[in-house]
Each structure stands twice: as C-alpha cells, then as structure tokens.
Amino acid sequence: MTMRDGVIALLLALTLTAPVSGQPADPAPFSFAAWGDVPYSRVERDKALDMLAEQAALPLAFSIHIGDIKSGGSLCDDATFADRQALLDGSSHPLILLAGDNEWTDCARASAGRFAPHERLDALRARFFATGESLGQRRLALTRQHCCAENVRWSHQGVLFAALNVSGSALPPGPRSAQLEDATLHWLDDTFAQAQTGGAQALVIAFHANPAFADHAKGTPRPRYRALLDRLALGAARYARPVLLIHGDTHRYRVDQPLHDPRSGAVLDNVMRLETHGSPWLGWTRVKVDPAATPPFSFEARPQWLD
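Residues numbered from 1 in each chain as written. Predicted model: local features only at pLDDT ≥ 70, side-chain atom pairs only at ≥ 80, totals over all residues. Heavy atoms only, no water.

J.: Whenever I open this one, the nonpolar core confuses me. Can you help?
T.: A general feature of soluble globular proteins is that nonpolar side chains tend to end up buried together. Counting residues in hydrophobic clusters, the biggest one holds 28 residues, and the most contacted among them are Trp35, Leu88, Leu95, Leu97, Leu124, Phe128 and Trp284. Counting only elements with at least two residues in this core, the list comes to β1 (30-35), α2 (42-56), α3 (78-89), β3 (95-97), α4 (117-128) and α5 (175-197). No other element matches α4, which puts four residues into this core. (Core = buried A, V, L, I, M, F, W, Y, C linked by side-chain atoms within 4.5 Å. Buried < 20%, exposed > 50% of the residue type's maximum accessible area, 1.4 Å probe, protein only. Helix = DSSP H or I, 4+ residues; strand = E, 2+ residues; numbered from the N terminus.)

J.: What should I look at first to understand the side chain of aspartate 106 in this one?
T.: Residue placement: aspartate 106 occurs in the loop between β3 and α4. Within the structure, aspartate 106 has its side chain in polar contact with the side chain of serine 169 (distance 2.7 Å). The contact partners of aspartate 106, leaving out residues within four places of it in the chain, are Gly72, Asp101, Ala112 and Ser169. (Polar contact = N/O pair within 3.5 Å; in protein donor to acceptor, adjacent residues only side chain to side chain. Contact = heavy atoms within 4.5 Å.)

J.: What is the right way to read the state of the cysteines from this model?
T.: One way to say it: the disulfide is the covalent bond shared by the sulfur atoms of two cysteines. Counted by the stated rule, this structure contains one disulfide. Cysteine 76 shares a disulfide with cysteine 107; S-S distance 2.1 Å. Here the S-S torsion is close to -85°, and the disulfide linking cysteine 76 with cysteine 107 is therefore left-handed. Within this pair, whereas cysteine 76 is found in the loop between β2 (63-65) and α3, its partner cysteine 107 is found in the loop between β3 and α4, the two being separated by 31 residues in sequence. Both residues of the pair, cysteine 76 and cysteine 107, belong to the buried class. (Disulfide = S-S within 2.5 Å.)

J.: Which parts of the structure should I look at to understand the packing of α4 against α5?
T.: Between two packed helices, the angle of one axis relative to the other and the distance separating the axes together describe the packing. Closest axis-to-axis distance for the α4/α5 pair is 11 Å, and the angle between their directions is 50°. One way to sum up the angle between α4 and α5 is to call them oblique. Facing α4, whose interface residues are His118, Leu121, Asp122 and Arg125, α5 presents Arg176, Ser177 and Leu180. Tallied by class, the residues present in the contact of α4 with α5 amount to two nonpolar, two polar and three charged. (Axes fitted to C-alpha atoms, helices over the stretch in contact; angles between N-to-C directions. Parallel < 35°, antiparallel > 145°, perpendicular 65-115°, else oblique. Nonpolar A, V, L, I, M, F, W, Y, C, P; charged D, E, K, R; others polar.)

As structure tokens, this is what we get:
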C-alpha cells in the first residue's frame, strides 16, 4: 500500500457513514431556499437580511447557502467571519452553509490579509461546522464527515441531501489539499451508495464551484474537476432516479441539464442543475420538491434589486 493509499484508507475509516433509514412511506411535498455568493459588501449584507426575511415568511424546510459569504478581495479575518455567523444564524429556518472559495482558498491574497488558506478553513470549521447541527434559529441535525466537517448529509421527506467542499479556486498545493479532495470524492461516492441502498426517492447534491459542465461534455474537462464530474455522471447513471445539482461561483441564475454520461456522451436526463444568483445580481431560489411528481423539482426565482 502506498502512503497515498494509506491516507485514503484512513479518511474512509474516519468518515461518518450512517445509512439513510426510516424513509416516509408517503413523503409530502416541501420547499427549501437556495442562495449564495452574497454578501460581498455592506449594502449586500442589508439585502441578505431582506432575503432572509422573505424566506422567513414562507414555510420552508431549510435554507442552503452555497458559500462565498464575503468578496474574494475583502479581509478573511475572524471579525468578518463572526459578522457572517451572526447574519446567517438569524435565519428563521435551519440554514446549511457550504464552504466557498472566497473565505478560504482566496485568503492568501494581499487584500484579503495574506492568510494561509488551510488555517482559514480550520477557522471556518471551528466557527460554522463544529456541531452536528445547522445554523439558524431552528436547527437541523446533520451527519458530518469526520475529517472534513463542512461535508454533510441529511434527509427530508424521502430526499437525500449532501453538501461537498468543492472550491471555485485552485486548492493550494500540498498533502492537506490532496486529502481534502480524496475525502470529498469519497463523501460523494458514499452519498450515491446511501441513496441507492436507503431507497431515497431523489438526491440533491450541493457544492460551491461551477465545474464547467460544458467542457466535460466536450471531453475536455478542467483537470481539477475531472474526477468530480466523472463520479457525478457515473453515480447518477447508476442511481437512475432524479438528481439535482446546486452550485454557485459564476453568479448566473440558470436551470438546465448539463451533465453527460462520459461513456456514451448522452445527456443524463435524470439530472438537473440549479446555479444560484450571485453578487451583484442578487436573489434566491425557492426549490419546490414533490417526491411523487415527475420531475420532482420545480423552481421559483426570487431576484433582488439593489436600491
């Protein structure tokens, strides 16, 4: 066994892999919020409060923020993190936060404070991902990956949800980045396995980065996303039931079907993609889920306009 194989084996042994169980016999429709790449400024922070107030007025199961809680050029200091924790913890609904790139991989920039990226990821984990619960005034129980607590899973009304740490910026070179990438891919593989064996009627996978689906479809994937996209495609093809992918990063709201099976080149018609709004084109999306419908997902865009 090589040293890399040993690291991967250790990560797998430390991963929490509680199976999906107790699926409801007759799951009820529900909806949740998806948003991210906000706030990048004080004005946008005020708009984020408006979006949280809109969400609070609706009977949402939870809210998913796909990361980038600050701009890439602003300070990555603890005071900024504390401010964003206070903002997101004010959500009336359980709020699941993902790791974006602006709050850790981009923190080495001079304008961001020249922080060591993995030190900032550790700070995020200690502040936002240290418990088995979501943020928000109401909390949701989450299953966290032992080594990488920002990778989480939960289930609601027969639908399995998973969040992955996939950065829109390149990870700094070194063993910690390699271990994170390996662990995240395992979390993805294990999520598909649990959806299959646990009888989930649909699967939602959220991550921050836009992994350039079009390049993958042309057979020229970006190297750092090749393994992710290959495994997403293979897992979705095997699972065969509806899969929704949610990401941000490039700040363009869209709903489409961009994932192709690399073996045949065919579009995987059981997979949909939602890209959320992002600064300065702000907004959030109400995702409606009816596990008994075909397809089970529908989308209501809620754009916000700066005054």
